[in-house]
Amino acid sequence: MSSETSTITTDESITTDNAGSIHIENLTKEFDTAEGYELVFEDINVDIEPESFVCLLGKSGSGKSTMLNIVSGILEPTEGRVRFETADGTGDVTLGHVFQSPRLMPWDSNLQNIEFVNEDNPDYTEELGKQHLDLVGLSDHYHKYPGQLSGGQRQRVGIARALSIDPEVLLMDEPFSNLDEITAEELRKELISLWSELNKTVFFVTHDMTEAIQLADRLLMLGDGEIYGDLEVPLDRPRRIDSDEFLKFRQKAIDTFHSIDED
Amino acid sequence: MSIRTQLSRFNVELLNGDVKSLLSDSFARAIGLGVGFVLWSLLAAQFPRELLPTPLETIGLAWGLVADGTAWIHISTTFQSLFWAFLFAMILGGTLGILMGLNSYSQNFFTPYVNIGLSIPGLAWAAVAFLVFSYGSIALGTLRFAPVAAATLTVFPYVAINIWKGVENIDHDLLRMANAFSISRRRVLWRVVLPNIAPQIFSAVRFGLAIGWKVTIIAELFAGSAGVGYKLEHAYQVYQYEEAWAWAAVFLFIIILIEYGVFKPIERRAFDWRTDVELSDIGGQ
């Protein structure tokens, strides 16, 4: 695997200047359950700048994935809205999705899986698909099936697929939580390289504090129906998880994360 | 030795293992057929030729039917009935299966019919169809309705249950992925839904044909004026038992031809990705 760790080199045909911003405005979500209405979160307001990397943290059941699904348009909010601003000023955003499990079609090759999501992309060519697989270090695996890859490689295809549609915003739902720690660590480094090279806005959901601090430049903490923690990560990149600064900030973030339990 | 060399060696060994197993499979099959051939010959030696010919005599008689053109006339009649029965069963069973897989109301509504259909033997449908369609005289050209109706009614519950289970077990994560990427319904149908239920469709087709041809022949025994079933019945009525064996041999040959000439190649082509994945299953990499 390490032999396939990519040195990120972006081809000229891969766009690097189209990041969008996300504006979550007065967002409320309730679910209609058998026991009545269940409030997930209420009146949430967040602005996410273009080209930023924001991690949304929360415990299980805090509503992280619900918020991500509303941002992605899969779920409708009860109240409020999510607005996007794009570099071209239209607000017409393309969203790339990376899921917890890669969700690749096992009967299609890796290249065909990428082609599948480019239905509305008139500029898509097989060459572009290959370039995106190159980007995540899978140059030798264009025509292989997902079943022929390891878990980490499959998730790389998932990332390549999301990037292939040239998204202004990349939405990632705990994409490394099913991987072993060594593979996850490798992929985090590659994701940071890709992000700094491609300049996309990334909205990343996780429950892993160390992962969030390694990746993000801003942490949002969701719990009790509100964003109760909003921390800028003041650490230079690359970040070493055993450095004093990292550990000190991690402690601060953990204290903030658990502050909700004390209330 | 590099990892790549080790892996390719591993794959070659795996392939060799596959070839070996294929050879041993073919050998076992040949032995099985050989034993059957010998047993048939021994049994045939105990009876007069007119009652039970030897395998070689049966093949000779069957070849005679093919050579003089008689076989094709009746086989085409049987296959015409089988074709329409199979088509109707796929449409009816497929529609019910899709509806049952999509919502629980349809599932509850149709389940009793499918269960009843599964428990009624083809022979009973053949008898009913024979009565309903006036002793088999209702026809459209050379097509007799009784065999078509009997085979359709026997086969459709098997098709329905296969398609139902296929639709019910569709990978919803893939559908959510397609939804998140705003993929059109048509593309989702062709690229996600159909490949997802292809094994069940294939199984329904294979099973449907296997049951369908048996019921078609049974119905022709009762209600035919042409077809392989009719010729079997006719041979029995005029005490030409060896001809009945010859007709059975002709039909068996065609079924084997369909299995190895049609189904196996389609199966290999449709599911080759599984073979590729199995052959390169080299663990965590």
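What comes next concerns the included structure. (Residues numbered from 1 in each chain as written. Chains lettered and ligands numbered in written order. Predicted model: local features only at pLDDT ≥ 70, side-chain atom pairs only at ≥ 80, totals over all residues. Heavy atoms only, no water.)

**Some points on the sheet that holds strand β2 (residues 36-48) of chain A**
Residues and elements named next belong to chain A. This is how the line gets drawn: Strand pairing is assigned whenever DSSP detects at least two bridges linking the two strands. The helix and strand labels rest on DSSP assignments: H or I over at least four residues marks a helix, E over at least two residues marks a strand, and numbering proceeds from the N terminus. Axis geometry follows a simple rule: fit a line to the C-alpha atoms, using only the stretch in contact for helices, then measure angles between N-to-C directions, giving values from 0 to 180 degrees. Contacts between residues were defined by any pair of non-hydrogen atoms, one from each residue, lying within 4.5 Å.
Across the sheet, which stays open at both edges, the 3 strands sit in the order β2-β1-β4 with antiparallel pairing between neighbours. Edge positions in the sheet fall to β2 and β4 (79-85), since each of these pairs with one other strand and no more. Each strand axis lies, on average, 15 degrees off the axis of its neighbour in the sheet, ignoring direction. Strand direction decides the pairing type here: strand β1 (residues 21-33) and β4, joined by 6 bridges, are antiparallel. If you follow I22 over to β4, its bridge partner there is F84. Strands in contact with helix α1 (residues 64-72) are β1, β2 and β4; relative to β1, the strand with the most contacts, it is inclined by about 120 degrees.

**With respect to the sheet that holds strand β6 (residues 169-173) of chain A**
Residue and element names in this part refer to chain A. Strand order in the open sheet made by the 6 strands is β5-β6-β7-β3-β8-β9, with mixed pairing throughout. The outermost strands of the open sheet, each flanked by one partner alone, are β5 (95-98) and β9 (226-232). Here the strands of the sheet are splayed against their neighbours by 20 degrees on average, with no regard to which way each runs. Examined bridge by bridge, β5 and β6 share 4 bridges and lie parallel to one another. Looking at the pairing, L95 lines up with V169 of β6. Relative to the sheet, helix α5 (residues 181-198) contacts β3 (53-58), β6 and β7 (201-206), its axis offset from that of β3 by approximately 140 degrees.

**Thoughts on the pairing of β9 of chain A**
Residue and element names in this part refer to chain A. The pairing of strand β8 (residues 218-223) with β9 spans 6 bridges and is classified as antiparallel. Residue pairing in the sheet places L219 in a bridge with L231 of β9. Connecting the antiparallel pair β8 and β9 is a turn made up of 2 residues, with D224 showing a positive phi of about 50 degrees.

**Some points on the interface of chain B and chain A**
To keep things clear, this is the line we draw: When two parts are brought into contact, each loses some accessible area as probed by a 1.4 Å sphere; the total of that loss over both is the buried area. Every case where a carboxyl oxygen of Asp or Glu lies within 4 Å of a side-chain nitrogen of Lys or Arg is listed as a salt bridge. Following the grouping adopted for this structure description, the nonpolar residues are Ala, Val, Leu, Ile, Met, Phe, Trp, Tyr, Cys and Pro, the charged ones are Asp, Glu, Lys and Arg, and the polar ones are all others, Gly among them.
Listed per partner, the contact involves 24 residues of chain B and 29 residues of chain A. Carbon and sulfur atoms supply 59% of the area that chain B and chain A bury against each other, a total of about 2,300 Å² over both sides. Connecting chain B to chain A are 4 salt bridges. Here R191 of chain B ties to D108 of chain A by a salt bridge, and the two come within 3.1 Å at their closest N and O atoms. Where the side of chain B that touches chain A is concerned, the elements lending two or more residues are α7 (172-180), α8 (185-223) and α11 (272-279) of chain B. The leading source of residues in the side of chain B that touches chain A is α7 of chain B, at 7 residues. Tallied by class, the residues present in the side of chain B that touches chain A amount to 10 nonpolar, 7 polar and 7 charged.

**Description of the packing of helix α3 (residues 70-102) of chain B against helix α9 (residues 228-237) of chain B**
All names here are of chain B. Rules: Each angle gets one of four labels, with under 35 degrees taken as roughly parallel, over 145 as roughly antiparallel, 65 to 115 as roughly perpendicular, and the rest as oblique.
It is the contact of α3 with α9, at a shortest axis distance of 7 Å, that shows an interaxial angle of 125 degrees. Judged on the interaxial angle alone, α9 and α3 are oblique. On the side of α3, the interface is formed by H74, I75 and T78, while α9 contributes V228, G229, Y230 and K231. Of the residues contributing to the contact of α3 with α9, the split by class is 3 nonpolar, 3 polar and 1 charged.

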